[in-house]
Amino acid sequence: MYGISSLPSSSKREDVLEHLLMRVKIALLERRDRMIKLYALRWVPPTIQGLVRDLRVRWALEEAGMPYEEVLLGPDDQRSEAYRKLQPFGQVPAIEDEGLKLFESGAIVLHFAERSEALMPRDPVGRARMHAWMFAAVNSIEPAIINLAQVDLLYKDEEWAKIRRPALVDLVMNRLTSLSTWLGDRDYLEDRFTAGDLLVTTVLRMLRHTELVAQFPNLEAYRKRCEARPAFQRALEAQMAAFAKHAPPQP
Ligand SMILES: N[C@@H](CCC(=O)N[C@@H](CS)C(=O)NCC(=O)O)C(=O)O
């Protein structure tokens, strides 16, 4: 036990406290610098809320248990020279992770998948299969679906859109049929949840304004199974919270 005389004098105690406080402040600043920054949109109209592609990254980070801070952008920020250095096309998402600047949702999800077994199997075959599904999501499935979604949500009254739509529906149905056949009665595209399922699910969500996915009960159940994951729920909640906070005033 220490006697009274061995306790530091009060001025010494203040020095020690000040020193400790400074150490805590430095640690906090360092942590902030190391924190993953996710660039997302401040607000979008309700028709596309819950579909914006930063959702993929939020979901991946939630699955991996990696904390992040969001940087919300308005149209001027997207156009700015500074942001174009992060995302050459002025789109979202983009991230900064310990000095690495990265864009393209697929590349960002892959970057985090490589750091988390929650998203990517560690065996080479499992990894390669996950890569294939990630590419399939953004390259084979998404283009057809995004074309249809754009016609329906942005141009539905245009004559050209009315003419183009049936062929787009055919193409989407073709992709959904193939996906449904592959999935069969599995829970996930391979033998466990991976970043491939994450991307495919976010792509299927883009058809939420139609009944097309519902025509394939196994695909519909798959989408719901993936969306029921707590990490997805937290990601969606975070995206929606940002939109709610920055909603323009009602006229
Ligand atoms: N291939 C890109 C597409 C990014 C993209 O289209 N982002 C949309 C939001 S989901 C966007 O930023 N749109 C605004 C714009 O194009 O100006 C990716 O997957 O990251």
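Once a new chain begins, its residue numbering starts again from 1 and follows that chain's sequence as written. In view of the model being predicted, local features appear only for residues whose pLDDT reaches at least 70, and side-chain atom pairs are presented and counted only at 80 or more, with totals across whole chains, interfaces and linings using the full set of residues.

**Quick word on the UniProt feature "domain: GST C-terminal" (unreviewed entry) in the protein**
Turning to step 1, where the next piece is worked out: UniProt positions are given in the numbering used here, feature names are shortened, and annotations may be inferred rather than shown by experiment. The feature "domain: GST C-terminal" (unreviewed entry), as annotated in UniProt, sits at residues 123-251 in this numbering.
Turning to step 2, where the next piece is worked out: Secondary structure across residues 123-251 divides into 72% helix and 0% strand, with the first and last C-alpha atoms of the span separated by 55 Å. Runs of E in the DSSP output that reach at least two residues are strands. Runs of H or I that reach at least four are helices, and both are numbered from the N terminus.

**Describing the sheet that holds strand β3 (residues 94-97)**
Turning to step 1, where the next piece is worked out: If you walk across this open sheet you meet the 4 strands as β2-β1-β3-β4, and the pairing is mixed. Each edge of the sheet is formed by a strand with only one pairing partner; in this case those strands are β2 (68-73) and β4 (100-103). Going from strand to strand, the sheet's axes swing by 20 degrees on average, the running direction of each strand aside.
Turning to step 2, where the next piece is worked out: Pairing between two strands is assigned when DSSP locates at least 2 bridges connecting them. Where strand β1 (residues 36-41) and β2 come together, 6 bridges link them in parallel fashion. Paired with leucine 41 across the bridge in β2 is leucine 73.
Turning to step 3, where the next piece is worked out: Of the strands in this sheet, β1, β2 and β3 touch helix α2 (residues 54-64), which is tilted by about 150 degrees from β1. Axis lines are fitted to C-alpha atoms, over the contacting stretch for helices. Their N-to-C directions set the angle, which ranges from 0 to 180 degrees. Contacts here follow a simple rule: the backbone-placed C-beta atoms of the two residues must lie within 7 Å.

**A few points about the UniProt feature "domain: GST N-terminal" (unreviewed entry) in the protein**
Turning to step 1, where the next piece is worked out: If you check UniProt for "domain: GST N-terminal" (unreviewed entry), the listed places come out as residues 56-120 in our numbering.
Turning to step 2, where the next piece is worked out: The span residues 56-120 is 42% helical and 22% strand by assignment, and the distance between its end C-alpha atoms comes to 15 Å.

**Some remarks on the site of the ligand**
Turning to step 1, where the next piece is worked out: Around the ligand, the neighbouring residues are Val52, Arg53, Gln78, Gly90, Gln91, Val92, Pro93, Glu104, Ser105 and Gly106.
Turning to step 2, where the next piece is worked out: For the shell around the ligand, the class distribution of residues is 3 nonpolar, 5 polar and 2 charged. A molecule or strand has a residue near it when that residue's C-beta atom, placed from backbone coordinates, lies within 6 Å of it. When residue character is reported, Ala, Val, Leu, Ile, Met, Phe, Trp, Tyr, Cys and Pro are called nonpolar, Asp, Glu, Lys and Arg charged, and the others, Gly included, polar.

**Looking at helix α6 (residues 124-154)**
Turning to step 1, where the next piece is worked out: By this rule, a helix spans an expected 1.5 Å times one less than how many residues it contains. With 31 residues, α6 should cover 45 Å at 1.5 Å per step; its first-to-last C-alpha distance of 42 Å lies within 8% of that length.
Turning to step 2, where the next piece is worked out: Here the bend at a residue is taken as the angle between two axes, fitted respectively to the seven residues that end there and the seven that start there. When the local axis directions of α6 are compared, the greatest deviation, roughly 55 degrees, occurs at glutamate 142, which is followed within four positions by the proline proline 143.
Turning to step 3, where the next piece is worked out: At its buried positions, α6 is contacted by α5 (105-113), α7 (159-183) and α8 (195-204).

**What about the pairing of β1?**
Turning to step 1, where the next piece is worked out: If you view a crossover with the strands going away from you and the path from the first strand over the helix to the second runs clockwise, you call it right-handed. Traced from β1 through α2 to β2, the parallel crossover comes out right-handed.
Turning to step 2, where the next piece is worked out: Pairing analysis gives 3 bridges linking β1 to β3, with the strands arranged antiparallel. Note on β3: the bridge partner recorded for lysine 37 is glutamate 96.

**Concerning the domain arrangement of the protein**
Turning to step 1, where the next piece is worked out: For every domain, the bounds stem from an assignment made automatically or drawn from a database. Domain annotation for the protein reports domain 1 (33-117 + 233-245) and domain 2 (124-229).
Turning to step 2, where the next piece is worked out: Each of domain 1 and domain 2 has a C-alpha centre, and the two are 21 Å apart.
Turning to step 3, where the next piece is worked out: Taken together, the contacts link 10 residues of domain 1 with 9 residues of domain 2.
Turning to step 4, where the next piece is worked out: For the side of domain 1 that touches domain 2, the elements supplying multiple residues, two or more each, are α2 and α5.

**Side note on the pairing of β3**
Turning to step 1, where the next piece is worked out: Pairing between β3 and β4: 4 bridges, direction antiparallel. Bridge pairing links alanine 94 to phenylalanine 103 in β4.
Turning to step 2, where the next piece is worked out: Following β3, the chain reverses through 2 residues before pairing antiparallel with β4; glutamate 98 in that reversal takes a positive phi of roughly 45 degrees.

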